[in-house]
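Understanding the architecture of this molecule
The primary structure of each chain is shown beneath.
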Amino acid sequence: MEELGFRLGCLPPPLLPQLANPNLETHEKLIVAFCQALALPTGEQLLQRFNITLNCVHCGGVESINHLLFFCRFVQRIWFASPLGLNTLRLQNQPFPLLWRQVTADLLCQDPSQSSLNLCCFICWFIWKQRNSLLFDQVDQCELDMLSIAIAAYSEFAGITQNKSSPHEVGPMVISQLEWRPPPQGFIKINYDASTSRDHHCGFVSSVARTSSGLIIGRFHACFRHIWDPGILEFLALRESLNWAASCSWQSVIVEGDALQVSQVINSCNIVDYRTWEICQDVWRLQSCFVQCIIQYVNRKFNGLAHDLTCRVKKCYIQGL
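None of the values given here were measured: they were computed from a predicted structure. (Residues numbered from 1 in each chain as written. Predicted model: local features only at pLDDT ≥ 70, side-chain atom pairs only at ≥ 80, totals over all residues. Heavy atoms only, no water.)

**Side note on the packing of aromatic side chains**
- Overall, the coordinates contain six aromatic pairs when judged by the stated rule.
- Seen from their ring centres, F70 and W100 are 6.4 Å apart, and the 45° between their planes marks the pair as tilted. Separated by 30 residues along the polypeptide, F70 in helix α4 (residues 65-71) and W100 in helix α6 (residues 96-110) bring together distant segments of the chain.
- The class of F70 is buried, set by a relative accessible area of 0%.
- Here F220 and W244 contribute two aromatic rings whose centre-to-centre distance is 5.8 Å and whose plane-to-plane angle is 20°, an arrangement assigned as stacked. (Phe/Tyr/Trp six-rings, centres within 6.5 Å; stacked < 30°, edge-to-face > 60°. Helix = DSSP H or I, 4+ residues; strand = E, 2+ residues; numbered from the N terminus. Buried < 20%, exposed > 50% of the residue type's maximum accessible area, 1.4 Å probe, protein only.)

Here it is as structure tokens:
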């Protein structure tokens, strides 16, 4: 800890704004402090200090702090699926204090209330915890399961701090609505979700359609063998939901999922991952089949029916193997 304090003292104050944030718990502050001080015991640090070789438990690459939290393919899929919409492919691989400054600036620009930054710290903490669980206890979690636990922990924390210290909302990204919102009259709302099974090399998508009165009028699900990337599966879930809606001859639809980047990419026509190019082209083509077609993001908390259906489909499929 003395070495940590010495190194922290050498860092300029702008690099550590989150350490003064009273809304962060001690363990979130510690991981940020350890990372900023370059003292987190990653494989790279262990090699430099003790000549111990330890590669990334997910991909086998060199385990630096940057790699562990942002550039490993495993964690890139976590950030892609998160409500933050953090595109780590656009981050520059620079010294961690500068990288963290870039992430902090982007998140504060997106959400000045600091809710997004706080959630980012929670996700970083759970990425570290999941890494240790896999390394020391051989307990593995898929990307979406780990992300769900991190978001649930932050949501609980945000609710507690809101009740204790502030009458204001925690932030539009985390608590943006109080319940699932029905579509306007004449629209069908379709909620979609995706899940993966890395062990079985497959993925699952599902959709639930409801009317303006909240009546469920249909359910859809599908399995994709040999595809288990959460980012790609979220795009596939959207595409298959539109395919299903078109086959039902619905004219006006609102399609919402809890992967923010999917909605951002489709609505901005700005593809950030070349692997989704053909899927995006299919989505844009399918949109023209409807009189009105709205693609939007919904908080994971309010996407429960689609999520539960996906989990049931996954469970039934795996049990049948």
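Okay, back to it.
**Re the packing of helix α9 (residues 230-247) against helix α11 (residues 277-287)**
- Here α9 crosses α11 at 25°, and the two axes come no closer than 9 Å. It follows from the interaxial angle that α9 and α11 lie roughly parallel. The interaxial crossing formed by α9 with α11 has left-handed handedness. On α11, the residues that touch I232, F235, L236, L238, R239, L242 and N243 of α9 are I279, C280, D282, V283, L286 and Q287.
- Here the residues of the contact of α9 with α11 are counted per class, giving nine nonpolar, two polar and two charged. (Axes fitted to C-alpha atoms, helices over the stretch in contact; angles between N-to-C directions. Parallel < 35°, antiparallel > 145°, perpendicular 65-115°, else oblique. Left-handed = near helix turned anticlockwise from the far one by under 90°. Contact = heavy atoms within 4.5 Å. Nonpolar A, V, L, I, M, F, W, Y, C, P; charged D, E, K, R; others polar.)

**Some remarks on the nonpolar core**
- F70, W79, W100 and I123 are the most contacted members of the largest nonpolar core, which has 39 residues in total.
- Counting only elements with at least two residues in this core, the list comes to α4, α5 (73-81), α6, α7 (115-137) and α8 (143-165).
- Take this core: its biggest share by element is ten residues, from α7.
- Those residues in contact with W79 that sit more than four places away from it in its chain are L69, F70, L84, L86, T88, C120, I123, C124 and I127.
- One finds I188, A209, W244 and I279 within the second-largest nonpolar core, a separate group that totals 33 residues. (Core = buried A, V, L, I, M, F, W, Y, C linked by side-chain atoms within 4.5 Å.)

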